[in-house]
Amino acid sequence: MIIGAGFAGMRLAQKLANGPFQVVLIDRYNYHQFQPLFHQVATSGLAPSAIAFPVRKAFHKTPNFHFRMAEVEQILPEKNVIETSIGEIAYEHLVLATGADTNYFGNKSIATHAYPMKPCFCEITFCSAWKPP
Ligand SMILES: Cc1cc2nc3c(=O)[nH]c(=O)nc-3n(C[C@H](O)[C@H](O)[C@H](O)COP(=O)(O)OP(=O)(O)OC[C@H]3O[C@@H](n4cnc5c(N)ncnc54)[C@H](O)[C@@H]3O)c2cc1C
């Protein structure tokens, strides 16, 4: 079980493809996002769809791979279970590849008023909200 379909989770799932075990990848979105180009989307240089692609498409020829779109809410290691927005899912081995949040370096004002670049739909908000001078 891998939580997170970012660079790390996708790469690990690719490495484990076609192995003699089941690989379950979970993410709150059903698409992978290429973060190094977030700023291009934020400034309307690219459409969000240009830097995102469906996770299932990347693995549609991989028989031992399964994708679940869900928010992981809690991990219960004593039961080998994760609690998610679509219910409990059991695992044998768990890999956390959930990335990082935007760091405001403790500045509450920026956290309140700025638009973060993660995730993509925030950039859409940014594009809609920003009015050229
Ligand atoms: C603007 C920008 C520019 C960058 N430029 C570069 C660059 O030029 N070169 C470079 O090497 N790196 C660059 N990086 C850094 C690079 O993109 C990150 O290091 C990399 O994406 C981290 O990968 P990750 O798999 O650890 O996490 P992420 O890619 O953040 O993936 C984490 C995944 O976990 C999912 N997730 C998190 N929590 C949950 C939950 N509770 N339930 C379900 N799913 C969850 C998220 O939806 C996400 O899909 C840049 C980053 C940004 C933001």
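It should be noted that the structure appears before, not after, this text.
For every chain, the first residue of its written sequence is number 1, and the numbers climb from 1 along that sequence. Reporting of local features is limited, given that this is a predicted model, to residues whose pLDDT is at least 70; pairs of side-chain atoms are given and counted only at 80 or more, and all residues count toward the totals for whole chains, interfaces and linings.

A. Broad picture of the overall build of the protein chain. Helix and strand counts for the protein chain come out as five helices and nine strands. A run of DSSP states H or I qualifies as a helix once it reaches four residues; a run of E qualifies as a strand once it reaches two. Both are numbered from the N-terminal end. For the protein chain, the N- to C-terminal ordering of α and β elements is β-α-β-β-α-β-α-β-β-β-β-β-α-α. Relative to its 133 residues, the protein chain shows a buried fraction of 17%. Note on contacts: each residue gets a C-beta atom placed from the backbone, and two residues are in contact if those atoms are within 7 Å. A separation threshold of at least 6 residues defines the contact pool for the protein chain, and within that pool the share at least 24 residues apart is 50%. Residues are called buried when their C-beta atom has 20 or more other C-beta atoms within 10 Å, exposed when it has 12 or fewer, and partly exposed otherwise; all C-beta atoms are positioned from the backbone.

B. Spotlight on the nonpolar core. By convention in this section, buried Ala, Val, Leu, Ile, Met, Phe, Trp, Tyr and Cys residues joined through C-beta atoms within 7 Å make up a nonpolar core. Among the nonpolar cores identified, the biggest contains 12 residues, and these are Met1, Ile2, Ile3, Ala5, Ala13, Val23, Leu25, Ile26, Val55, Phe59, Phe65 and Phe67. Among the elements that make up this core, the one with the highest residue count is strand β2 (residues 23-27) (three residues).

C. Structural context of the site of the ligand. The C-beta atom of each residue is placed using the backbone, and any residue whose C-beta lies within 6 Å of a molecule or strand is treated as near it. The ligand sits among 21 residues. The nearest are Gly4, Gly6, Ala8, Gln35 and Gly99. Broken down by secondary-structure element, the contributors of at least two residues to the shell around the ligand are α1 (7-16), β2 and α2 (38-42). For the shell around the ligand, the element with the most residues is α1, which contributes three residues. Looking at side-chain class alone, the shell around the ligand contains 11 nonpolar, seven polar and three charged residues. Throughout, the ten residues Ala, Val, Leu, Ile, Met, Phe, Trp, Tyr, Cys and Pro are labelled nonpolar, Asp, Glu, Lys and Arg are labelled charged, and all others, Gly among them, are labelled polar.

D. Main features of the sheet that holds β2. Reading across the sheet, the four strands line up as β5-β2-β1-β9 and stay open at both edges, with parallel pairing between neighbours. Both outer strands of the open sheet, β5 (65-69) and β9 (95-96), are each paired with one neighbouring strand and no more. Think of it this way: DSSP has to see at least two bridges between two strands before they count as a pair. By the bridge criterion, two bridges tie strand β1 (residues 2-3) to β9 in an arrangement that is parallel. Considered in β9, the bridge of Ile3 is made with Leu96. Here α1 sits on the sheet in contact with β1, β2, β5 and β9, set at roughly 165° to β2. Angles shown run from 0 to 180 degrees and are taken between the N-to-C directions of axes, each axis being a line fitted to C-alpha atoms and, for helices, limited to the stretch in contact.

E. How the structure looks around the pairing of strand β7 (residues 81-84). By the bridge criterion, four bridges tie strand β6 (residues 72-76) to β7 in an arrangement that is antiparallel. When the bridges of β7 are listed, Leu76 appears paired with Val81. If you look at the hairpin formed by β6 and β7, you'll find four residues sitting between the two strands, and Asn80 has a positive phi there, around 55°. Here β7 runs beside strand β8 (residues 87-90); their pairing, made up of four bridges, is antiparallel. The residue of β8 that forms the bridge with Ile82 is Ile89. Where β7 folds back onto β8 in an antiparallel hairpin, the turn is made up of two residues.

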